[in-house]
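Residues per chain are reported as follows:
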Amino acid sequence: MVAITKTHPVSVIMEAYEAGLRHFGENKVQELTSKTEDLPDDIVWHMVGHLQTNKIRNLVHCVDWIHSISKTKQLKELEKRLGQAERHVHVLFQVNISDEDQKSGCDAGDLPELLSFASGLQHVSVEGLMGMASFTDNQELIRKQFRFLRELRDKHRSFEGGNIRLNELSMGMSGDYSIAVEEGATLIRLGSTLFGSRDYT
Ligand SMILES: *Cc1c(COP(=O)(O)O)cnc(C)c1O
């Protein structure tokens, strides 16, 4: 479980830390980097939101996992900046499984190119796929979308080896995590169900 702490102050994260949580996630680079400065070093930080290439430079010093990689351009920049910082990150490729334009991610058909490109990198390891289901009450549709992501992962197992592993499926949020777990999620990203509703985003 990754606790998504966007909009919540450091004091709230500290309470969760004291309760035993170590994996925390944010969806904005600026918010993530500033929070890491004030929190314990053994927190594992996940970036789960849309990632502009020009912000990667600021992120590489503090992030451990990035769930939202969908372009080779991002991988190129990541490799360069991580090399300079002498760091390593775990990434997931975000796939658009909902056909909704506002939910970012690559098309399923882009995965072979992304996987091939990533296999040559020194500072990045690929751990699996991430997807966001439609925002809907239609449970069958949500299930179908999560199942599609799992099958997509299974289909690309032949790319595994070296720095490519496809063991992780980051899918499921507060509203749909139980369906996601039934469909094979290994990472669920929970915000409001842990910390209450947010004022914005
Ligand atoms: C905010 C956010 C979450 C958590 O959302 P909740 O519905 O509050 O659990 C999960 N994933 C991403 C990418 C988010 O931006």
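Just above sits the structure.
Okay, so let's go over this structure. (Residues numbered from 1 in each chain as written. Predicted model: local features only at pLDDT ≥ 70, side-chain atom pairs only at ≥ 80, totals over all residues. Heavy atoms only, no water.)

It is worth spelling out a negative patch on the surface at this point. On the surface, D99, D107, D110 and E113 cluster together into a negatively charged patch. Along the chain, E113 turns up in helix α5 (residues 111-118). (Patch = residues over 30% accessible without salt bridge, like charges linked within 9 Å, V, L, I, M, F, W, Y side chains within 5 Å. Areas by Shrake-Rupley, 256 points an atom, 1.4 Å probe, with all protein chains shown as cover. Salt bridge = Lys/Arg side-chain N within 4 Å of Asp/Glu carboxyl O. Lys, Arg positive; Asp, Glu negative; His and termini not counted. Charge placed at Lys NZ, Arg CZ, Asp CG, Glu CD. Helix = DSSP H or I, 4+ residues; strand = E, 2+ residues; numbered from the N terminus.)

This part is about the side chain of S170. Structurally, S170 can be placed in strand β7 (residues 164-171). Here the side chain of S170 touches R189 through a polar contact of 3.0 Å, side chain to side chain. Apart from residues no more than four positions distant in its own chain, S170 is found in contact with H67, L92, L129, M130, G131, L149, L187 and R189. (Polar contact = N/O pair within 3.5 Å; in protein donor to acceptor, adjacent residues only side chain to side chain. Contact = heavy atoms within 4.5 Å.)

The next thing to look at is the pattern of salt bridges. Per the counting criterion, the structure on display carries 13 salt bridges. The partner of K35 in a salt bridge is E31, with the nearest N and O atoms 2.9 Å apart. In this pair, K35 and E31 both sit in helix α2 (residues 29-37), four residues apart, roughly one turn of the helix. Overlapping salt bridges, with partners in common, bring together E140, R143, R147, R150, E182 and E183 in one network.

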